[in-house]
Amino acid sequence: MRGHHDDAAHEHDGGLAHDLPVLARRRMIRLMAGASLVPLVGCSADDDSAASAPSSSSSSSSSATAGSSSSSECATVPEETAGPYPGDGSNGVNVLKESGVVRSDIRTSFGDSAGGTAEGVPLTFTLTVVDAASGCETPKEGAAVYVWHCDREGNYSLYTEGVTDENYLRGVQETDDKGQVTFTSIFPGCYTGRWPHVHFEVYADLEDATAATSITNTSQLAFPKDVCDTVYATDGYSASVSNLGQLSIGTDMVFRDGYDQQMAAVTGSVERGYTATLTIPV
């Protein structure tokens, strides 16, 4: 099976020409936010080394607090590229209009797909969507979040050769009264050139999401290195070990200009599975 990274390993999920406008816009937003926000979004050598500390056992817990926000310092989640495998109609196939896409367990393909199931270390992740204008104090009830990520081999359903007939690891949910959506999935692999991540799009409501219109925010969630190291030492993730070894989050094209708002807080173990959380101000 040929991984998708054979086509786009050096294109940063969508090509340099595609990403530079996004990254330039992101930097401009941060400059306009003022010097007081620099500690929130800056990336220092200390930040990178802390995120890269290896785990010494199969049970690990990230102490990252990026998933929470304070009322005095609340900035909108950084805008990122959706990459070339969104499945939202912007690059070919549109899974959002298919019956069955609204679901919490995204491990198995649905509808007219091949019906396969993505294998890997269990991962449950909760995203909390909040109103940035209110200081992150108000949850966004009734919003919708579409998520997608690669499988443990670094392949994207619908696009990568060998899994084009699958649509696993993609799903949509409506936020509850706490602004939350929770997905059951597997820990994604690390493919050439990119730090382990999950893509997400936020919509005003479920109707917009399933119509694939009016995206309000597009961004990515990152995983702590110690957790990645532990997961990638297990069966099925062998390619991720060498791929991650060639990267640092501080040099990743998406996260290198700051990842505090995108680094998930992760707890759990290989045996029990992992739980990740992230707060998304919009």
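Further up the page is the structure itself.
As the structure is a prediction and not an experimental result, all values here were calculated from the model.

Caption draft 1: Seen up close, the overall build of the protein. Within the protein one finds seven helices and 10 strands. Residues classed as buried in the protein amount to 51% of the 282 residues present. A fraction of 78% describes how many contacts in the protein between residues 6 or more apart in sequence connect residues 24 or more apart. Of the roughly 11,700 Å² that the protein leaves accessible, carbon and sulfur atoms contribute 50%.

Caption draft 2: Spatial organisation of the packing of helix H6 (residues 225-232) against helix H7 (residues 238-245). As a packed pair, H6 and H7 sit with axes 9 Å apart at the nearest point and diverge in direction by 145°. Residues Lys225, Cys228, Asp229 and Tyr232 of H6 touch H7, and the partners they reach there are Ser240, Val241 and Leu244. Counted by class, the contact of H6 with H7 contains four nonpolar, one polar and two charged residues.

Caption draft 3: Examining the nonpolar core more closely. Core analysis: the largest hydrophobic core is formed by 44 residues, its most contacted members being Leu127, Val147, Phe187, Phe200 and Phe223. When near neighbours in sequence (up to four residues on either side) are disregarded, leucine 127 contacts Val145, Val147, Gly179, Gln180, Val181, Phe200, Leu221, Leu278 and Ile280. If you look at the next biggest cluster of nonpolar residues, it comprises 17 residues, including Tyr85, Leu158, Tyr159 and Val172.

Caption draft 4: Up close: H6. Across the eight residues that make up H6, a large majority, seven, are buried. Every buried residue of H6 is accounted for by Lys225, Asp226, Val227, Cys228, Thr230, Val231 and Tyr232.

Caption draft 5: Spotlight on the packing of aromatic side chains. Applying the stated criterion across every chain yields a total of nine aromatic pairs. Centroid distance phenylalanine 187 to tyrosine 232: 6.1 Å. Interplanar angle 80°. Geometry classified as edge-to-face. With phenylalanine 187 in the loop between strand S6 (180-186) and strand S7 (197-203) and tyrosine 232 in helix H6, the pair connects residues that are 45 residues apart, well separated along the chain. Comparing phenylalanine 187 with tyrosine 232, the two get one shared label, buried. Among the aromatic residues, those joined into a cluster by ring pairs are Phe187, Phe223, Tyr232, Tyr237 and Tyr274.

Caption draft 6: How the structure looks around the environment of tyrosine 146. Here tyrosine 146 lies in strand S4 (residues 144-148). Sequence-wise, tyrosine 146 and threonine 218 are 72 residues apart; in three dimensions their C-alpha atoms are separated by 9.6 Å. If near-sequence neighbours (up to four positions away) are discounted, tyrosine 146 is found in contact with Pro86, Gly87, Asp88, Val95, Leu96, Arg170, Gly171, Val172, His199, Phe200, Glu201 and Tyr203. A polar contact is formed between the side chain of tyrosine 146 and the backbone oxygen of proline 86, at a distance of 2.5 Å. A polar atom in the side chain of tyrosine 146 sits 3.1 Å from the side chain of arginine 170.

Rules and cut-offs
- Residues numbered from 1 in each chain as written.
- Predicted model: local features only at pLDDT ≥ 70, side-chain atom pairs only at ≥ 80, totals over all residues.
- Heavy atoms only, no water.
- Helix = DSSP H or I, 4+ residues; strand = E, 2+ residues; numbered from the N terminus.
- Buried < 20%, exposed > 50% of the residue type's maximum accessible area, 1.4 Å probe, protein only.
- Contact = heavy atoms within 4.5 Å.
- Areas by Shrake-Rupley, 256 points an atom, 1.4 Å probe, with all protein chains shown as cover.
- Axes fitted to C-alpha atoms, helices over the stretch in contact; angles between N-to-C directions.
- Nonpolar A, V, L, I, M, F, W, Y, C, P; charged D, E, K, R; others polar.
- Core = buried A, V, L, I, M, F, W, Y, C linked by side-chain atoms within 4.5 Å.
- Phe/Tyr/Trp six-rings, centres within 6.5 Å; stacked < 30°, edge-to-face > 60°.
- Polar contact = N/O pair within 3.5 Å; in protein donor to acceptor, adjacent residues only side chain to side chain.

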